[in-house]
Amino acid sequence: MPPAGARTYSAALMSSIIRPELAAASAPAVPFRHRHLLGIDGLSAADISEILDIAGQYVELNRRGGAKSSLLRGRTMVNLFFESSTRTRTSFELAGKRLGADVINMAADGSSVRKGETLLDTAITLNAMHVDVLVVRHPESGAVKLLSDKVNCVVMNGGDGQHEHPTQALLDALTIRRRKGRLEGLVVTICGDVLHSRVARSNIRLLTTMGARVRVVAPPTLLPAAIERLGVEAHTDMKKGLAGADIVMMLRLQNERMQGSYVPSTREYFRFFGLDYDKLDAAKPDALIMHPGPMNRGVEIDSEVADDFGRSVIQEQVEMGVAVRMACLDILTRALRSNAPALEVTN
Ligand code: CP
């Protein structure tokens with residue numbers, strides 16, 4: 001019997017879906033000790049590396065097509081989304097299903113939230129149904145942490161207000177690491193609406209923890225005060241911020257979080273802060289172009305640049321999203337599965 005929390009992959013799985021070099025890398029030197037995934041804040045470099053190593057194995061499983069694991073058979077996962085989403089909700093659903101969980105999607109619109117039920121009462125209600133994993137997206141920063149204090153199950157943050165979007169930063173890191181072979185020492189420039197972006201916050205935390213050099217570029221109105229305290233260089237000129245960058249990460253103007261006007265017009269914004277080939281020339285010739293989506297073509301990114309398949313890895317980010325969410329589910333449910341039989345894979 002393996003000790004509580006030990007990995008329970010069977011030899012059959014290891015030999016059939018996992019490349020031996022990745023399997024060796026996945027043995028954690030320090031066990032992952034977090035009950036929930038509420039943010040990148042609090043994760044060590046070892047925690048992040050472990051998630052990325054295991055996600056790499058799930059990329060291989062997903063590319064096999066039709067492969068499914070029974071790791072979470074008999075477990076129930078609820079996706080509770082109080083904000084719209086395409087990538088995060090769908091990839092969490094796919095991740096849960098590919099690991100054999102029963103997955104239920106709940107949107108605020110179709111729930112009793114519309115009758116006045118509070119977030120906490122909704123959480124307590126789901127808790128009473130013995131849900132094993134709750135994935136939550138909410139427009140208020142801190143709402144997911146608040147909810148996690150009221151339930152017994154594993155809680156994963158699918159994005160809370162302007163605070164954090166941890167699985168987005170993890171999938172971005174996996175994309176970069178697979179393309180560049182490392183994170184340490186890379187120059188990553190994050191451009192756009194940094195002020196309202198949970199993606200920027202999670203990426204800054206993750207990338208600085210892993211030894212990357214992070215720059216942010218935005219108009220002064222969209223740069224948070226004292227952003228340098230997070231260990232980044234701040235710029236208000238795209239070409240200066242992009243000079244010599246290995247990675248160019250674009251952000252959407254998040255109009256839904258803006259009260260008032262932060263930019264004169266989208267046309268002017270594109271002229272000074274939209275990524276086009278002229279501004280991209282300042283970055284390294286092999287710089288990767290990234291965007292978490294959803295994209296606003298012609299606002300923060302030129303359509304041709306977004307679709308430049310030699311350099312744009314936007315669709316690869318989406319692919320990595322499923323694998324990262326599978327890895328997070330795998331790691332965070334270890335305690336639940338500590339007495340479960342070894343994993344089987346069915347095709
Ligand atoms: N990147 C991201 O969170 O996309 P969705 O809003 O579509 O989930």
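Predicted model only: the values in this text are computed from it and were never measured. (Residues numbered from 1 in each chain as written. Predicted model: local features only at pLDDT ≥ 70, side-chain atom pairs only at ≥ 80, totals over all residues. Heavy atoms only, no water.)

## Quick look at the sheet that holds strand β9 (residues 247-250)
Argument step 1. The strand order across the open sheet built from five strands is β8-β7-β6-β9-β10, with neighbouring strands paired in parallel fashion. In this open sheet, the two strands that pair with only one neighbour each are β8 (233-235) and β10 (288-290). Direction aside, neighbouring strands of the sheet carry axes that sit 20° apart on average.
Argument step 2. As paired elements, strand β6 (residues 187-191) and β9 share four bridges and run parallel to each other. From the neighbouring strand, valine 188 faces β9, where its bridge partner is isoleucine 247.
Argument step 3. Lying over the sheet, helix α7 (residues 166-180) contacts β9 and β10, oriented at roughly 165° with respect to β10. (Pairing = 2+ DSSP bridges. Helix = DSSP H or I, 4+ residues; strand = E, 2+ residues; numbered from the N terminus. Axes fitted to C-alpha atoms, helices over the stretch in contact; angles between N-to-C directions. Contact = heavy atoms within 4.5 Å.)

## A look at the packing of aromatic side chains
Argument step 1. Under the counting rule described, the total for this entry stands at one aromatic pair.
Argument step 2. The positively charged end of lysine 279 is found above the aromatic ring belonging to phenylalanine 270, 5.6 Å away from the centroid. (Phe/Tyr/Trp six-rings, centres within 6.5 Å; stacked < 30°, edge-to-face > 60°. Lys NZ or Arg CZ within 6 Å of the ring centre and 35° of its normal.)

## Digging into the pairing of strand β4 (residues 133-138)
Argument step 1. Counting buried residues in β4 gives six out of six residues, a clear majority hidden from the surface.
Argument step 2. Judged by which residues are buried, β4 turns out to be covered on both faces: Val133, Val135 and Arg137 on one side and Leu134, Val136 and His138 on the other are all buried.
Argument step 3. Two strands pair when backbone bridges link them, and strand β2 (residues 76-81) and β4 are joined in this way by five bridges, in the parallel orientation. The partner of phenylalanine 81 across the bridge, within β4, is arginine 137.
Argument step 4. Of the strand pairs in this sheet, β4 and strand β5 (residues 154-160) are connected by five bridges, and their pairing is parallel. Residue pairing for β5: valine 135 is matched across the bridge by methionine 156.
Argument step 5. Between β4 and its parallel partner β5, the chain crosses via helix α6 (residues 143-148), and the hand of that crossover is right-handed. (Buried < 20%, exposed > 50% of the residue type's maximum accessible area, 1.4 Å probe, protein only. Right-handed = clockwise from strand over helix to strand, strands pointing away.)

## Describing the site of the ligand
Argument step 1. Contacts to the ligand come from Ser85, Thr86, Arg87, Thr88, Arg137, His165, Gln168, Pro292 and Gly293.
Argument step 2. Between the ligand and threonine 88, the relevant distance is 2.7 Å, taken from an oxygen atom to a side-chain nitrogen or oxygen of the residue.
Argument step 3. The separation between an oxygen atom of the ligand and a polar side-chain atom of arginine 137 is 2.9 Å.
Argument step 4. Coverage of the ligand by the protein chains reaches 91% of its 250 Å² of free accessible surface.
Argument step 5. When grouped by side-chain class, the residues that make up the shell around the ligand number one nonpolar, six polar and two charged. (Near = heavy atom within 4 Å. Polar contact = N/O pair within 3.5 Å; in protein donor to acceptor, adjacent residues only side chain to side chain. Areas by Shrake-Rupley, 256 points an atom, 1.4 Å probe, with all protein chains shown as cover. Nonpolar A, V, L, I, M, F, W, Y, C, P; charged D, E, K, R; others polar.)

## A few points about the pattern of salt bridges
Side chains that differ in charge, positive against negative, can pair when their charged atoms come close.
Argument step 1. Scanning the model with the defined rule gives 21 salt bridges in all.
Argument step 2. As a salt-bridge pair, arginine 205 and aspartate 41 come within 4.0 Å of each other at their nearest N and O atoms. Taken together, the residues span a long stretch of sequence, with arginine 205 in helix α8 (residues 198-209) and aspartate 41 in the loop between α2 (20-25) and α3 (45-64) at a distance of 164 residues.
Argument step 3. Assessed through its relative accessible area of 55%, aspartate 41 is described here as exposed.
Argument step 4. A salt bridge links arginine 337 to aspartate 330, with the nearest nitrogen and oxygen atoms 3.1 Å apart. For the pair arginine 337 and aspartate 330, a shared accessibility class is recorded, and that class is buried.
Argument step 5. Members of the salt-bridge network, linked through shared partners, are Asp41, Glu164 and Arg205. (Salt bridge = Lys/Arg side-chain N within 4 Å of Asp/Glu carboxyl O.)

## Concerning unusual backbone geometry
Argument step 1. The omega torsion of the bond from glycine 293 to proline 294 falls at -5°, within 30 degrees of zero and hence cis.
Argument step 2. By secondary structure assignment, the location of proline 294 is in the loop between β10 and α12 (303-306).
Argument step 3. Of note, alanine 226 is a non-glycine position whose phi angle comes to about 55°, a positive value.
Argument step 4. Turning to its location among the elements, alanine 226 is positioned in the loop between β7 (213-217) and β8.
Argument step 5. Looking at alanine 226, the relative accessible area reads 36%, which means it is partly exposed.

## Section: the sheet that holds β4
Argument step 1. Reading across from one edge, β3-β2-β4-β5 is the order of the four strands in this open sheet, with parallel pairing throughout. Only two strands of the sheet have a single partner each, and these edge strands are β3 (102-107) and β5. Strand after strand, the sheet turns through a mean of 15° between neighbouring axes, direction not considered.
Argument step 2. The strands touched by helix α13 (residues 314-332) within the sheet are β2, β4 and β5, with β5 carrying the most contacts at an inclination of about 150°.

So yeah, pure geometry; function would need other evidence.
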